[in-house]
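Below are the chains, spelled out letter by letter.
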Amino acid sequence: MRLFNAWEMGQDQTKQQIEKGLHLYQSNQTEKALRVWMRVLEKSADPAGRFRVLGCLITAHAEMGRYKDMLKFAVVQIDTARELEDPDYLTESYLNLARSNEKLCEFQKTISYCKTCLNMQGTTVSLQLNGQVSLSMGNAFLGLSIFQKALECFEKALRYAHNNDDKMLECRVCCSLGNFYAQIKDYEKALFFPCKAAELVNDYGKGWSLKYRAMSQYHMAVAYRKLGRLADAMDCCEESMKIALQHGDRPLQALCLLCFADIHRSRKDVQTAIPRYDSSMSIMTEIGNRLGLIQVLLGVTKCWMIQKELDKLGLLKLHCLCERIYRTKGQQRELRDHVVKFHECVEEMELYCGMCGESIGEKNNQLQALPCSHFFHLKCLQTDGTRGCPNCRRLSVKPGYV
């Protein structure tokens with residue numbers, strides 16, 4: 001009987017300490033909350049309590065941008081869920097593992113863990129998590145630029161939200177849909193969905209975390225900038241940044257800094273934009289947001305183009321780099337623009353082989369100059385049977401000195 005009472009006390013004390021940590025966390029005393037939760041994790045013998053405190057640690061580290069620590073706690077939570085032998089706990093822990101990998105841009109792993117969640121045979125609790133699983137999977141497909149599957153997952157998540165009257169989930173899905181339509185350049189929809197998220201926050205979010213408001217305002221800022229409504233974009237971004245700073249939300253701070261930089265670049269104010277890109281890049285590097293880093297580098301590149309500080313060869317390399325980035329992301333319109341500009345630079349500098357027509361200077365090739373100083377691919381000169389320079393039609397094909 002004495003052992004049973006000790007076990008009960010252990011459970012009660014674990015619960016009290018978790019609640020104490022939550023109170024500290026909601027009061028923006030994050031480090032104190034983390035110390036309380038870590039103490040619970042070290043001393044509690046209650047597996048269910050350990051599972052819950054691991055969930056708190058995962059959420060806190062996600063919001064601070066400490067994604068590697070988030071992943072570490074998610075792995076521990078999986079082991080705890082297996083110890084509990086409950087499919088609901090296991091589903092939730094795999095979802096946290098999927099989210100951790102999503103934050104680290106490990107999108108294939110995210111999709112794999114999401115599929116594991118969906119295959120779990122749990123209770124109603126597990127089924128209710130399926131909306132969040134679909135959202136995480138949609139974000140992963142979007143990160144891989146697989147747009148059709150991303151939209152399919154977002155639509156499933158939205159159905160789950162409506163069926164379960166889950167306004168928080170609906171708000172998050174609307175923000176992801178805003179990001180989706182911003183990427184495929186339907187800016188009216190890119191604005192509509194985060195505005196819908198903001199309405200949900202206003203109507204139902206009295207007890208919600210302010211991060212939902214901050215998230216919707218950030219996505220509205222992105223859409224407003226794309227639509228050229230720069231004053232509205234600045235207002236939304238400032239509100240989002242204010243909340244991010246209050247709550248120590250490093251990932252959102254990085255995104256807001258990127259958005260501020262983009263707004264200033266859209267105003268041709270490069271001198272103000274560049275320092276904000278630098279600050280955003282510093283945080284993106286720190287937290288491991290690789291997709292965010294690409295957006296920062298593209299923004300900086302566009303600033304250079306506005307300043308026209310690059311020489312012609314630099315512009316050529318720039319368009320070549322942008323072509324590769326947009327090809328990887330599957331953004332066809334931008335890809336075509338940079339392919340055209342790349343070839344315009346090649347034509348202007350005459351950096352192409354007059355025999356095969358391919359560009360020179362894009363990759364390592366053996367070249368040969370003729371006495372007239374026009375140069376070609378060595379293999380083209382060796383295989384072509386003509387006796388003159390294809391560019392200036394001089395007859396001698398004797399190689400030059402260089």
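What you are looking at is a predicted structure, and each value in this text was computed from that prediction instead of being measured. (Residues numbered from 1 in each chain as written. Predicted model: local features only at pLDDT ≥ 70, side-chain atom pairs only at ≥ 80, totals over all residues. Heavy atoms only, no water.)

A few words now on the confidence of the model for the protein chain. When the pLDDT values of the protein chain are averaged, the result is 86; 90% of them are 70 or greater. In this model, residues 1-9 is a region of pLDDT below 50 whose contacts with residues beyond four sequence positions or in other chains number three contacts. (pLDDT = per-residue confidence, 0-100. Contact = heavy atoms within 4.5 Å.)

Moving on, we come to the packing of helix H13 (residues 250-266) against helix H14 (residues 270-287). The interhelical angle for the contact between H13 and H14, taken along N-to-C directions, is 155°, at an axis separation of 8 Å. Of the possible angle classes, the one that applies to H13 and H14 is roughly antiparallel. The hand of the H13/H14 crossing is left-handed. In this structure, H13 uses Arg 250, Pro 251, Gln 253, Ala 254, Leu 255, Leu 257, Leu 258, Phe 260, Ala 261, Asp 262, His 264 and Arg 265 to contact H14, whose residues at the interface are Thr 272, Ala 273, Arg 276, Tyr 277, Ser 279, Ser 280, Ile 283, Met 284, Glu 286 and Ile 287. Here the residues of the contact of H13 with H14 sort into twelve nonpolar, five polar and five charged. (Axes fitted to C-alpha atoms, helices over the stretch in contact; angles between N-to-C directions. Helix = DSSP H or I, 4+ residues; strand = E, 2+ residues; numbered from the N terminus. Parallel < 35°, antiparallel > 145°, perpendicular 65-115°, else oblique. Left-handed = near helix turned anticlockwise from the far one by under 90°. Nonpolar A, V, L, I, M, F, W, Y, C, P; charged D, E, K, R; others polar.)

The next point concerns helix H17 (residues 332-349). Since the α-helix turns once every 3.6 residues, residues separated by three or four places project in the same direction. With 18 residues, H17 ought to run about 26 Å at 1.5 Å a step, and its terminal C-alpha atoms sit 26 Å apart, in line with that. In the stretch just after H17, Glu 350 is the one whose phi turns positive, near 55°. (Expected span 1.5 Å × (residues − 1).)

On to the nonpolar core. The biggest cluster of nonpolar side chains holds 101 residues, and the ones touching the most others in it are Trp 37, Phe 154, Val 173 and Tyr 277. Apart from the residues within four sequence positions on either side, Phe 154 is in contact with Leu 135, Gly 138, Asn 139, Leu 142, Val 173, Ser 176, Leu 177 and Phe 180. Leu 351, Cys 353, Cys 372 and Phe 376 belong to the second-largest nonpolar core, a separate cluster that totals 13 residues. (Core = buried A, V, L, I, M, F, W, Y, C linked by side-chain atoms within 4.5 Å. Buried < 20%, exposed > 50% of the residue type's maximum accessible area, 1.4 Å probe, protein only.)

A few words now on the packing of aromatic side chains. Across all of its chains, the model carries nine aromatic pairs by this definition. Both rings, one in Phe 154 and one in Phe 180, keep their centres 6.4 Å apart while their planes meet at 85°; by these two values the pair is edge-to-face. Here Phe 154, found in helix H8 (residues 147-163), pairs with Phe 180, found in helix H9 (residues 167-183); they are 26 residues apart in sequence, far enough to count as distant. Residues Phe 154 and Phe 180 agree in their burial class; the two are buried. Geometrically, the ring pair formed by Phe 180 and Tyr 181 is edge-to-face, given 5.0 Å between the ring centres and 85° between the ring planes. (Phe/Tyr/Trp six-rings, centres within 6.5 Å; stacked < 30°, edge-to-face > 60°.)

This next bit is on helix H12 (residues 230-247). Here H12 contains 18 residues, and its C-alpha end-to-end distance of 26 Å stays within 8% of the 26 Å for a straight helix at 1.5 Å per residue. Taken together, the buried residues of H12 touch helix H11 (211-226) and H13.

Moving on, we get to a positive patch on the surface. Positive charge collects at one region of the surface, where Lys 20, Lys 32, Arg 35, Arg 39 and Lys 43 lie side by side. Ranked by residues supplied to the positive patch, first place goes to helix H2 (residues 30-43) with four residues. Assignment of secondary structure puts Arg 39 in helix H2. The class of Arg 39 is partly exposed, set by a relative accessible area of 36%. (Patch = residues over 30% accessible without salt bridge, like charges linked within 9 Å, V, L, I, M, F, W, Y side chains within 5 Å. Areas by Shrake-Rupley, 256 points an atom, 1.4 Å probe, with all protein chains shown as cover. Salt bridge = Lys/Arg side-chain N within 4 Å of Asp/Glu carboxyl O. Lys, Arg positive; Asp, Glu negative; His and termini not counted. Charge placed at Lys NZ, Arg CZ, Asp CG, Glu CD.)

If you trace the backbone, Asn 96 turns up in helix H5 (residues 87-103). Taking relative accessible area as the criterion, Asn 96 reaches 8% and is therefore assigned buried.

Bringing the side chain of Glu 63 into the picture now. If you trace the backbone, Glu 63 turns up in helix H3 (residues 47-64). Looking at Glu 63, the relative accessible area reads 17%, which means it is buried. Within the local environment of Glu 63, its side chain forms a polar contact with the side chain of Tyr 25, the two groups lying 2.7 Å apart. In this structure, Glu 63 is in contact with Tyr 25, Lys 211, Gly 248, Asp 249, Arg 250 and Pro 251, ignoring residues within four places of it in sequence. (Polar contact = N/O pair within 3.5 Å; in protein donor to acceptor, adjacent residues only side chain to side chain.)

Time to look at unusual backbone geometry. Glycine aside, negative phi is the norm for most residues, and most peptide bonds take the trans geometry. The backbone of Ser 145 shows a phi angle near 60°, a positive value even though the residue is not glycine. Take Ser 145: its relative accessible area is 15%, and that puts it in the buried class.

According to the stated counting rule, one finds 14 salt bridges in the structure shown. Residue Arg 66 pairs with Glu 31 through a salt bridge whose shortest N-O separation is 3.0 Å. You can see Arg 66 sitting in the loop between H3 and helix H4 (67-84) and its partner Glu 31 sitting in helix H2, a full 35 residues away along the chain. Accessibility expressed as a relative area gives 39% for Glu 31, which makes it partly exposed. Between Glu 63 and Lys 211 there is a salt bridge, with its nearest N and O atoms 3.0 Å apart. On the criterion of sequence distance, the pair formed by Glu 63 in helix H3 and Lys 211 in helix H11 is long-range, its members being 148 residues apart. Looking at Lys 211, the relative accessible area reads 31%, which means it is partly exposed. One connected set of salt bridges, linked through shared partners, spans Asp 165, Lys 167 and Glu 170.

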